[in-house]
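# Geometric and topological summary
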Amino acid sequence: MNPLFEQRLGTSIFETMSLAAARHGAINLGQGFPDFGWPEPLLDEAARLLREGSNQYAPSRGLPVLREAVCGFYADRQGLSLAPDQIVVTSGATEAIAATIMAAIEEGDEAIIVAPAYDAYAPLIRQSGGEVREVALRPPEWRLTEEALEAAVTPRTTMLVLNNPHNPTGRLFAAEELAAVATVARAHDLLILADEVWEEVLLTADRFTSMASLAPERTIKIGSAGKIFSLTGWKIGWLAAPAALATTIARAHQYLTFATPPNLQAAVATGLGRPEWLESARADFRRAQRRLADGLQANGWALLPSEATYFQCIDLPRSGMKLRDHQFADFAVGTLKVATIPLSGFYERAPEYGLVRLCFAKSDATIDAAIAAFGRTDALAQEILDTAVKQGVIDDLPWS
Ligand code: GLN
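Here goes a summary of the coordinates provided.

## Side note on the overall build of the protein chain
In terms of helices and strands, the protein chain carries 16 helices and 13 strands. With respect to the three principal axes, the spread of C-alpha positions in the protein chain is 60 × 50 × 45 Å. Split into buried and exposed, the 400 residues of the protein chain put 56% on the buried side. Surface exposure of the protein chain reaches about 16,300 Å², of which carbon and sulfur atoms provide 52%.

## Details of the sheet that holds strand S2 (residues 87–90)
Strands sit in the order S2-S8-S7-S6-S5-S3-S4 across an open sheet of seven strands; the sheet is mixed. Because the sheet does not close on itself, it has two edges, and the strands there are S2 and strand S4 (131–136). With direction set aside, neighbouring strand axes in the sheet form an average angle of 20°. Of the strand pairs in this sheet, strand S6 (residues 191–195) and strand S7 (residues 219–224) are connected by four bridges, and their pairing is parallel. Bridging from a neighbouring strand, Leu 193 pairs with Ile 220 of S7. The sheet strands contacting helix H4 (residues 64–78) are S2, S7 and strand S8 (237–240), and the helix crosses S2 at an angle near 110°.

## Regarding the pattern of salt bridges
Here the structure, examined in full by the defined rule, presents 26 salt bridges. As a salt-bridge pair, Glu 177 and Arg 143 come within 3.8 Å of each other at their nearest N and O atoms. Of this pair, Glu 177 sits in helix H8 (residues 175–187) while Arg 143 is found in the loop between S4 and helix H7 (146–152), placing the two residues 34 residues apart along the sequence. Residue classification places Arg 143 among the partly exposed positions, given a relative accessible area of 41%.

## Structural notes on the packing of H4 against helix H12 (residues 262–272)
Look at H4 against H12: their axes get within 9 Å of each other, and the N-to-C directions meet at 25°. When the axes of H4 and H12 are compared, the pair comes out roughly parallel. Of the two elements, H4 crosses H12, and the hand of that crossing is left-handed. Touching Val 65, Leu 66, Ala 69, Val 70 and Phe 73 of H4 are Gln 265, Val 268, Ala 269 and Leu 272, all from H12.

## A few points about the nonpolar core
Counting 62 residues, the largest nonpolar core has Ile 222, Phe 285, Leu 296, Trp 301, Ile 314 and Phe 328 as the members making the most contacts within it. The leading source of residues in this core is helix H13 (residues 276–298), at six residues. Residues Ala 20, Leu 144, Val 184 and Leu 190 belong to the second largest nonpolar core, which totals 38 residues.

## Describing unusual backbone geometry
Excluding glycine, a negative phi dihedral is what most residues carry, and trans is how most peptide bonds are arranged. Cis geometry is found at the peptide bond from Asn 164 to Pro 165, where omega equals -10°. By secondary structure assignment, the location of Pro 165 is in the loop between strand S5 (157–163) and H8. Following Asn 167, the chain continues to Pro 168 via a peptide bond in cis, the omega torsion being 15°. With respect to the helices and strands, Pro 168 occurs in the loop between S5 and H8. At Asp 189, a residue that is not glycine, the phi angle is positive and equals roughly 55°. With respect to the secondary-structure elements, Asp 189 resides in the loop between H8 and S6. Of note in this structure, Lys 337 is not a glycine but carries a positive phi near 65°. Here Lys 337 lies in the loop between helix H14 (325–336) and strand S11 (338–339).

What counts and how
Residues numbered from 1 in each chain as written. Predicted model: local features only at pLDDT ≥ 70, side-chain atom pairs only at ≥ 80, totals over all residues. Heavy atoms only, no water. Helix = DSSP H or I, 4+ residues; strand = E, 2+ residues; numbered from the N terminus. Buried < 20%, exposed > 50% of the residue type's maximum accessible area, 1.4 Å probe, protein only. Areas by Shrake-Rupley, 256 points an atom, 1.4 Å probe, with all protein chains shown as cover. Pairing = 2+ DSSP bridges. Axes fitted to C-alpha atoms, helices over the stretch in contact; angles between N-to-C directions. Contact = heavy atoms within 4.5 Å. Salt bridge = Lys/Arg side-chain N within 4 Å of Asp/Glu carboxyl O. Parallel < 35°, antiparallel > 145°, perpendicular 65-115°, else oblique. Left-handed = near helix turned anticlockwise from the far one by under 90°. Core = buried A, V, L, I, M, F, W, Y, C linked by side-chain atoms within 4.5 Å.

Have a look at this one:
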């Protein structure tokens, strides 16, 4: 085995925490998947298509009916003007990201990522021979500035990866931050890989502004039916890009998965034509976020704002927890029986060690059980300290 490969590619934190949750019988608020929110008629349609539709290879770029539906959906919801030859359907958004990076990044190119960054970007960039430049956002504002982006650009930079709404922070970037991305990308002729899979999971806003509306000539917009319809296991994703670029990326997709299940594609096409199916889910996610946040805050937990995505971050130092994020996550899954995601692993350098991410897209019963398991911060802070000291795992923390 190539040792570099082993060194670069560890087990993802999402898989690690889901396995740990299963091992400990813990409530899984780690990996981001919902336990409600999908439109039941969409499942019926998919079941019907499994029997009555095609079960053979779809065209590699995706079913025409789905590519048209993606264009119609974005025209209605984001005011985008896209044609089907700009769309490539992939096996999940992660494959769209991989195909884009594989097609666009060459040996020696640099790509900018915004940390805390989704865990797939950096390894994919490196596997393509590229180098990663990190722009690190800091809590609690997580603000992205033109100066920070500009400072990360070198003559070798060819791509900027922007995830908006942003996982794991739950931020929805403001208009001036998006404008800064467009300005810097134009000034240096960069492609923008716009991972917008959370575009429909909005908690504080009703409309989403896509990078594809601000810099259409250089944006590869990534979307996900799994996120839009709360069906993360379906792994139907897509990208939308200028037509010539879409064709190049489609060539990379040919050699990754080639094509994606046709019956699920056809079902998603139907779903995208029924935006009313999405309304109740959005209201339910907002309710779930408030339920988790209210319950935790009532017990003394300090939270960061959550504007979008399925995620809510806890501020550990301000909650009185004298543990680093990964130590807290280990303690939480093993002892409290709640799986979380520590944020420090989403930085290349100078990580934030004070935050864990919780997925709130769960039934009331699951949320209430998690709140009860976390308990009051004052009692827990002491218990954690005692346990950590006993196990000898406590670090010399800046806030301890
Ligand atoms: N997007 C999901 C999350 O952030 C994880 C997807 C995965 O497990 N790779 O939790």
